[in-house]
Structure formats: structure tokens, C-alpha cells
Amino acid sequence: MKLNDVKIILDAEVIVGEEHLDLEVKTAFGADLMSDVLAFAKAGSLLLTGLTNSQVIRTANILDIAAIILVRGKKPSTETINLAKELKIPLLTTKYILFETAGRLYAKGIVGCLEKVENNSVRN
Amino acid sequence: MKITVSETENTLYRDSFEIEGGNFNKAGIVSTSIKSLLKQMGLAAEVVRKCAIVCYESEINVVSYARKGVVNLTVNAETVLIEVVDEGPGIPNIDLAMQQGYSTADQKIREMGFGAGMGLHNINSYSDAFDISSEVGKGARLLMTINIKQ
């Protein structure tokens, strides 16, 4: 689906990246721990998180994350917004909690960027 | 055995980047630059991604624990070498530090979304070769090798 569909499903507000709403997305990863995001998230996925500091944008940049969805109505700082603009990463915010955000997207066809972790390993 | 990074005739690119300890506002700047640099060199996306991740986790470690650090980036025909050397407290027990879930992070580090004892584990798992050494009271040295042909 397009990022614009994600916006509609989540009744989300676009903070950065109004011009990127035609971006195609198929997968997502949700976590507040950036090391877990670095361990598991795949390029081109949506990142669902409740963390709002600039490291979320850095992490998304490192991984080529398609867009960031802030959950639980979180509002990022000006610094975070500016970094998202600089690195051209769409940033949206939704009032839905993480569980609802994931569930609503999953019901419409977005899947996890992986289903299960492998035995005692972050990857490989 | 300490693996040393030396310039050879195969070296295509070499540069160093300084990291400021304790400054979370700047954490990630070096990794972002290195990532775009490697991308510009035309390396495969998966290679760039692995380099960027190990570099970023290392940078977060330097910012979190050390006074300062430096990333020495060397691109050879077959490998990307990322050496991160810091001046700081060092790591008293490397085996323990490598264990998934072990962390000495404070609240500030955790608020940034790190400090859950995943960093070194992630670095190790994304590297094709990984070497770590430390002298307590002086600092730590990490050497990550990423193969260009995956």
C-alpha cells in the first residue's frame, strides 16, 4: 500500500514528508529499543515506535527505513523534526497505541519484516 | 592476537572521523556520513547497510561511555575495515560485555533507545570478522571487517 493509505488507516498526522505519501510500503517493524530495530528491521519497512528523540531518525537513516510512525500520540522535538527533514525521512504521528497501530496495518495487508527471530540470534 | 590495519596497495579509500564522547545530540553523525560515502562508492546496498549498522552501534558506544573516539575507515578491493578506537574507561570483562542483555548503561543512554546490552552483540553478528580489545582505564578498540563480496 501507499504511505498515504497508512496515513488514512492510522488517522495519522504527517509531520515531515507530505511529498512522499505515494511511497509504496509492504512491511513494518515496531519497537522502542533502537538496538532491536538495528538487529531486525529491513530496508524499506515502516518503523512503528514510541521513541521520539533524534536517534530514531538516525536509526531509520542507517537502515533505509521507508517512514517512521510515532505511536501513542507522541510529538517529536524540533530537533528530531529538523533531522527528519534533512535526511528526508517521512515522519507521521498517530494517536493509536503500538498494538492497535500494528493490528490495523496488519489487517490491511502490511506484514512484519520478519515473523520470528531465529534461535538465540539477532541475525545470520 | 591484535589485528593491525595497514595501508596496502589495495587500499581504495582511507579516512578518519572523530567522535565526541557524551554528546548525544551528535551521536550518529559520523555513521550517517560514512554510510553516504560508502553508498557513493557504489558498494552493494547490503554491504553499506552492514557497515552503517556496526559503525552506528560503535558510535553510540563511544558517545555513551568514552571521552572521545575515532573511526578509521579503510576500503580495500575486497573488504571494508572499520576500526573504532576510544579513550575512556575501557571494558573490564569483554566476555561479559559481549553477552546479549548485559549492560552498564545509565538512564540517559536508555532514554535514547539503547543500553539494553545488544550493541556489541549486533556489531558481532553484522560483521564478517570482529576483533575487540580493551585496556581498563585507557579505552577500547573494535575492528569490524565487512566483505565486499557477500
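Just so it is clear, the model here is predicted, and its values are computed rather than measured.

Enquirer: Sorry, what's going on with the overall build of chain A here?
Expert: If you tally the helices and strands in chain A, you get five helices and six strands. Traced from its N-terminal end to its C-terminal end, chain A shows the element sequence α-β-β-α-β-α-β-α-β-α-β. Its C-alpha radius of gyration of 13 Å places chain A within 12% of the 14 Å reference for a compact globule of 124 residues. Considering only C-alpha atoms, chain A reaches an extent of 40 × 30 × 25 Å along its principal axes. Residues counted as buried form 52% of the 124 residues belonging to chain A. Across chain A, every contact between residues at least 6 apart in sequence was considered, and the portion connecting residues at least 24 apart equals 51%. For chain A, the accessible surface area stands at approximately 5900 Å², while carbon and sulfur atoms represent 52% of it. Of the charged side chains in chain A, 15 are positive and 15 negative; the average position of the first set lies 2 Å away from that of the second.

Enquirer: So what exactly am I meant to see when it comes to the pattern of salt bridges here?
Expert: Two side chains that carry opposite charge are able to pair once their charged atoms sit near each other. Applying the stated rule across the entire model yields twelve salt bridges over all chains. For A:Asp32, the salt bridge identified is with A:Arg72, shortest N-O distance 3.0 Å. You can see A:Asp32 sitting in the loop between β2 (27-30) and α2 (34-40) and its partner A:Arg72 sitting in the loop between β4 (67-70) and α4 (78-86), a full 40 residues away along the chain. Residues B:Asp128 and B:Lys50 are paired through a salt bridge, measuring 3.3 Å at the closest nitrogen-oxygen approach. Residue B:Asp128 is located in the loop between α5 (119-126) and β4 (129-135), and its partner B:Lys50 is located in helix α2 (residues 45-65); the two are separated by 78 residues in the primary sequence. By relative accessible area, B:Asp128 is classed as partly exposed at 35%. The exposure class of B:Lys50 is buried, given its relative accessible area of 4%. By sharing partners, the salt bridges in this structure join B:Glu83, B:Asp131 and B:Arg141 into a single network.

Enquirer: Can you walk me through the sheet that holds strand β2 (residues 68-75) of chain B in this structure?
Expert: Residue and element names in this part refer to chain B. Strand order in the open sheet formed by five strands is β1-β2-β3-β5-β4, with antiparallel pairing between adjacent strands. Taken across any chain shown, the strands that pair with only one partner, and hence form the sheet edges, are β1 (13-20) and β4. The mean angle between the axes of side-by-side strands here comes to 10°, regardless of whether they run parallel or antiparallel. With nine bridges joining them, strand β3 (residues 79-87) and strand β5 (residues 139-147) adopt antiparallel strand pairing. Within the sheet, the bridge partner assigned to Glu-83 lies in β5 and is Leu-143.

Enquirer: Could you clarify how one ought to interpret the packing of aromatic side chains in this entry?
Expert: Each aromatic ring pair is described using two quantities: the centre-to-centre distance and the angle formed by the ring planes. Scanning the entire structure with this criterion turns up two aromatic pairs over all chains. Taking 6.0 Å as the distance between ring centres and 40° as the angle between the ring planes, the aromatic pair formed by A:Phe29 and A:Phe40 counts as tilted. Here A:Phe29, found in strand β2, pairs with A:Phe40, found in helix α2; they are eleven residues apart in sequence, far enough to count as distant. By relative accessible area, A:Phe29 is classed as buried at 13%. An angle of 80° between the planes, with centres 5.7 Å apart, marks the rings of B:Tyr56 and B:Phe114 as edge-to-face. Taken together, the residues span a long stretch of sequence, with B:Tyr56 in helix α2 and B:Phe114 in the loop between α4 (107-111) and α5 at a distance of 58 residues. Taken as a pair, B:Tyr56 and B:Phe114 share a single burial class, namely buried.

Thresholds applied
Residues numbered from 1 in each chain as written. Chains lettered and ligands numbered in written order. Predicted model: local features only at pLDDT ≥ 70, side-chain atom pairs only at ≥ 80, totals over all residues. Heavy atoms only, no water. Helix = DSSP H or I, 4+ residues; strand = E, 2+ residues; numbered from the N terminus. Rg over C-alpha atoms; globule rule 2.2 N^0.38 Å. Buried < 20%, exposed > 50% of the residue type's maximum accessible area, 1.4 Å probe, protein only. Contact = heavy atoms within 4.5 Å. Areas by Shrake-Rupley, 256 points an atom, 1.4 Å probe, with all protein chains shown as cover. Lys, Arg positive; Asp, Glu negative; His and termini not counted. Charge placed at Lys NZ, Arg CZ, Asp CG, Glu CD. Salt bridge = Lys/Arg side-chain N within 4 Å of Asp/Glu carboxyl O. Pairing = 2+ DSSP bridges. Axes fitted to C-alpha atoms, helices over the stretch in contact; angles between N-to-C directions. Phe/Tyr/Trp six-rings, centres within 6.5 Å; stacked < 30°, edge-to-face > 60°.

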